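Fold and geometry: a report
Here's the letter readout for the chains.
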Amino acid sequence: MSLSGHVTDRLVSTSIAHPKRVLWVVAIVTAITATGFVRVAVDTDPENMLADTHPVRVLNAEVRATFGIGDMIAVGLSDPGGATMVTEERLDAVVRLHDEIVATDGVLADQTVSLALAAPDGVDDAEAFATRLAADPLLGGNVLTADGETAALFVALDDGDVATDVHETIRSLVDADTDLAELDVAIAGLPLAQQAFGQQMFVQMALFAPLAGLLIFALMWFFFRRLGLVVPAMLLSMLTVVWTMGLLTGTGNTLHIMSS
C-alpha cells in the first residue's frame, strides 16, 4: 500500500473511532476560518480578472499612462421638453454645479472639464458665450452641444471605487439646485459600469448559489432517499466553502468575481 493510501486509511479509522473529537476539531477549525470573513474586501473591477502581467493589462496601463487617461464619469444635462440650455440662469447653474462637484472628495478638480472652464465667474450674455464656446477647439461641441440643448461635465476621479459615491453626490446637487432640478440628468462612465457589473455578479451569486445547493440536495435525496447520506455530503460542501473563503479573505486576499 502506498504512503498516501496508508495515511488515508489511518485517518478514516481514527475518525470512526473518535467521532466526537473529529466533530470538535471541525467545529474549532470552522470557527477560526469563519473569522476571516470579518476582513472581507470586495473587488468588483473586471480588469482584475486578468493577472497584472497579462499583455492586455500591461498595454492598457501603458496607453493610460502615455495619454494621462484616468477614471472619469460623464454628466449630461438637458431639458425634457427640448428647450435650450443657453440661458444665463442655466449656464450659471452648470458653473455652480461644476464648482460643487470639484469640491467633492475623490474628484480631481484640475482634470474635470465643463463649460465652467470658459466662464469661471459666470455668464453675462448666454448667446455670446455659446458662440465663443463653439469656436473653442477643445470645448466646442463637447461641453455644450451645437444646438444648445445639452450641457456636459466630464468628472475626473482619483479612484474608480468612488464612482458610485460621486454619482450619488451629483444627483443630490442637481436636485438641490432649483435651476437644474427640472432637467433630465444622465450620468455614465466606465467606473460606474464596472461597479454595476461586479455588484450584479455578486447578487446573482447570492441568488443562484443557494438554489444550486438546493437542487443538488433534491437530486441526492431523489437517488438515495436517506438523510444520513445526503446531509453529511451537504455539510461537507458548506464547510469546504467556509474554510476556503475564510482562509482566502482572512489572509488579505480580495473577494473578486472569479474567486467567488
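Read on for an overview of the structure. (Residues numbered from 1 in each chain as written. Predicted model: local features only at pLDDT ≥ 70, side-chain atom pairs only at ≥ 80, totals over all residues. Heavy atoms only, no water.)

Quick notes on the nonpolar core
The line we're drawing: As used here, the term nonpolar core means buried Ala, Val, Leu, Ile, Met, Phe, Trp, Tyr and Cys residues forming a set that is joined through side-chain atoms within 4.5 Å. Only protein chains enter the accessibility calculation, which uses a 1.4 Å probe; a residue whose area is less than 20% of its type maximum is buried, one above 50% is exposed, and one in between is partly exposed. Under the scheme used here, helices are H or I runs from DSSP no shorter than 4 residues and strands are E runs no shorter than 2 residues, and both carry numbers assigned from the N terminus. Contacts: residue pairs with any heavy atoms within 4.5 Å of one another.
Counting 37 residues, the largest nonpolar core has Leu 77, Leu 115, Val 155 and Ile 170 as its most contacted members. Elements that contribute at least two residues to this core include exactly strand S2 (71-78), helix H4 (88-102), helix H5 (126-134), strand S3 (150-157), helix H6 (163-176) and strand S4 (184-188). For this core, the element with the most residues is H4, which contributes 6 residues. When neighbours within four sequence positions are excluded, Ile 170 is seen to be in contact with Ile 73, Val 75, Ile 101, Val 155 and Ile 187.

Some words on the packing of helix H2 (residues 19-34) against helix H8 (residues 227-250)
Formally: Axes here mean lines fitted to C-alpha atoms, for a helix over just the part in contact, with angles spanning 0 to 180 degrees between N-to-C directions. Here the angle decides the label: under 35 degrees means roughly parallel, over 145 means roughly antiparallel, 65 to 115 means roughly perpendicular, and every other value means oblique. A clockwise turn of the near helix away from the far one marks a right-handed crossing, whereas an anticlockwise turn of less than a right angle marks a left-handed crossing. Residue classes follow a fixed rule: Ala, Val, Leu, Ile, Met, Phe, Trp, Tyr, Cys and Pro count as nonpolar, while Asp, Glu, Lys and Arg count as charged, and any other residue, Gly among them, counts as polar.
Interaxial distance between H2 and H8 falls to 8 Å at its minimum, and their mutual angle equals 40°. Considering the angle they form, H2 stands oblique to H8. Two packed elements cross with a definite hand, and for H2 against H8 that hand is left-handed. Where H2 approaches H8, its residues Val 26, Val 29, Thr 30, Thr 33 and Ala 34 are matched on the opposing element by Leu 239, Val 242, Trp 243, Gly 246 and Leu 247. Its residues assigned to classes, the contact of H2 with H8 shows 7 nonpolar, 3 polar and no charged.

What about H5?
For clarity, the threshold we go by: Think of it as the arc spanned by the lines of direction from the helix axis to the C-beta atoms. The definition of a polar contact used here is a pair of N or O atoms within 3.5 Å, where within protein one atom must be able to donate a hydrogen and the other to accept one, and adjacent residues in sequence count solely through side-chain atom pairs.
Taken residue by residue, H5 has Ala 126, Phe 129, Ala 130 and Leu 133 as its buried positions. Down the axis of H5, the buried side of the element spans an arc of 100°, and every buried residue falls inside it. Away from its buried face by more than 90 degrees, H5 exposes Glu 127, Thr 131 and Arg 132. Where H5 is buried, its residues contact H4. The backbone nitrogen of Glu 127 lies 3.3 Å from a side-chain oxygen of the residue at the head of H5, namely Asp 125.

Some details on the pairing of S2
As a reminder, the rule being used: For two strands to be treated as a pair, DSSP must find at least two bridges joining them.
Alignment of S2 against S3, held across 8 bridges, turns out to be antiparallel. Following the sheet pairing, Asp 71 is matched in S3 by Leu 157.

Here we look at the packing of H4 against H6
Two numbers describe how H4 lies on H6: the axes approach to 11 Å, and their chain directions differ by 145°. The crossing of H4 and H6 is right-handed. Contacts between H4 and H6 pair Leu 97, Glu 100 and Ile 101 from the former with Ile 170, Leu 173 and Val 174 from the latter. In terms of residue class, the contact of H4 with H6 is built from 5 nonpolar, no polar and 1 charged.

Quick notes on the sheet that holds S4
Reading across from one edge, S3-S2-S4 is the order of the 3 strands in this open sheet, with antiparallel pairing throughout. The sheet terminates laterally at S3 and S4, the two strands that pair on one side only. Sheet twist, expressed as the mean angle between neighbouring strand axes with direction ignored, is 15°. Against the sheet, H4 engages S2 and S3, with an angle of about 10° to S3. The sheet contacts of helix H7 (residues 190-224) involve S2, S3 and S4, and relative to S2 the element is tilted by about 105°.

Looking at H4
Definition in use: For a helix, the expected span equals 1.5 Å multiplied by the number of residues minus one.
Taking 1.5 Å of rise per residue, the 15 residues of H4 would be expected to cover 21 Å, and the 21 Å separating its terminal C-alpha atoms lies within 8% of that figure. Here H4 has its buried residues at Arg 90, Leu 91, Ala 93, Val 94, Val 95, Leu 97, His 98 and Ile 101. Lining the buried residues of H4 we find S2, H5, S3 and H6.

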